[in-house]
Amino acid sequence: MSFNPYGILGNSPALQKVFKILEKVAPTDTTVLVTGESGTGKELLVRALHKNSQRKNKPFVPVNCGAIPKELLESELFGHEKGAFTHAIRSRAGRFEVANGGTIFLDEIGELDLSLQVKILRVIQEKEFERVGSNKTQKVDVRIVAATNRDLEEEVAKGNFREDLFYRLNVIPIHLPPLRKRGSDILLLANYFLKKFCTEKNREPLTLTSEVENLLLNYSWPGNVRELENFMERISILCEGTEVKIQDLPEKIIKTSKNSPYQAQKKEFLFPSLADMHKLNLNLKDFLEEIENKLILDALKKSNGVKNKAAELLGIKRTTLIEKIKKKKL
């Protein structure tokens, strides 16, 4: 494969599939739409696309459409003339002008107002625009790459995104898979980040135990690569010794991982069934009331009647427990 990922780590089939598409599209000027969850590394991917393109020696200009206030975004994209609005004390080039000859990356394009979507569509179709406060049309030669974590087809159906713009952007759709779908890439990235942060902090290298590796592989990583990177930085600071052990992991990783001891205990526990409720000839409300009463009495017994301790065992406030005891006349 001739595509250079420029530091994007991963050997998973899902990521290799993305690289194969990029290898074909990088040398062209075709518009690309990258989709994927937040934290998957969409900007890194687009930067690699630019570096593999014929425009690699020209500017790469990223714009986070969701981070710039809506009232300033048009000026940020297209520039403005002196006096175009309050505080416009001098003329200023926009991001499209700065990117001329290169690539402009419109991140979170799903956040654009409909009025700005029309202007982006015009740039794609006509390769021209006007600065805010100017009637002079300017030509521009840029490759447009957009990204979003939204479902743009759904946004089109809701009327929040122009259908014509969607089809103009979606010439080459590329979906960047979430970290949980990248298998052993999780450990590859975890070890890379761990080594990086240990080096930065001048501490001896850390290794992951097999138990920790298993938990990391089975955690869902809702924050994707960004969450993994932040977690490894935390470990590089807080972990004692030379091995990362289960006790060094946050509780949420231990509890939510499929193969964790917590999940195993959860599987072994038998929840009450509909048959149990019918055996007692109770409806749902009364059945749940009976279960709650039993748990409260068990907690009071175990705590020798000390309500603070009983409330702690139940995971509720002391005042809530007292209210329940009074209401139930326990």
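This write-up is about the structure you can find in this document. A quick note: this is a predicted structure, and the numbers were derived from the prediction, not measured.

Calculation criteria
- Residues numbered from 1 in each chain as written.
- Predicted model: local features only at pLDDT ≥ 70, side-chain atom pairs only at ≥ 80, totals over all residues.
- Heavy atoms only, no water.
- Helix = DSSP H or I, 4+ residues; strand = E, 2+ residues; numbered from the N terminus.
- Buried < 20%, exposed > 50% of the residue type's maximum accessible area, 1.4 Å probe, protein only.
- Lys, Arg positive; Asp, Glu negative; His and termini not counted.
- Charge placed at Lys NZ, Arg CZ, Asp CG, Glu CD.
- Contact = heavy atoms within 4.5 Å.

Some remarks on the overall build of the protein chain
Okay, so step 1: Counting its regular elements, the protein chain contains 16 helices and nine strands.
Okay, so step 2: With the principal axes as the frame, the protein chain shows a C-alpha extent of 85 × 50 × 40 Å.
Okay, so step 3: By the burial criterion, 40% of the 330 residues in the protein chain qualify as buried.
Okay, so step 4: For the protein chain, the centre of its 54 positive side-chain charges and the centre of its 44 negative side-chain charges are spaced 2 Å apart.

Let's talk about unusual backbone geometry
Excluding glycine, residues mostly have negative phi values, and the peptide bonds linking residues are mostly trans.
Okay, so step 1: Residue W221 is not a glycine yet carries a positive backbone phi of 50 degrees.
Okay, so step 2: In this fold, W221 is placed in the loop between α9 (210–218) and α10 (224–238).
Okay, so step 3: The class of W221 is buried, set by a relative accessible area of 0%.
Okay, so step 4: We note that N281 has phi near 55 degrees; this positive angle belongs to a residue other than glycine.
Okay, so step 5: For N281, the position within the fold is in the loop between α13 (274–279) and α14 (284–302).
Okay, so step 6: Taking relative accessible area as the criterion, N281 reaches 71% and is therefore assigned exposed.

Re the side chain of K328
Okay, so step 1: Among the secondary structure elements, K328 is positioned in helix α16 (residues 318–328).
Okay, so step 2: Each residue touching K328, except ones within four places of it in the same chain, is listed here: E289, E292, N293 and I296.

On their own, these measurements won't tell you what the molecule is for.
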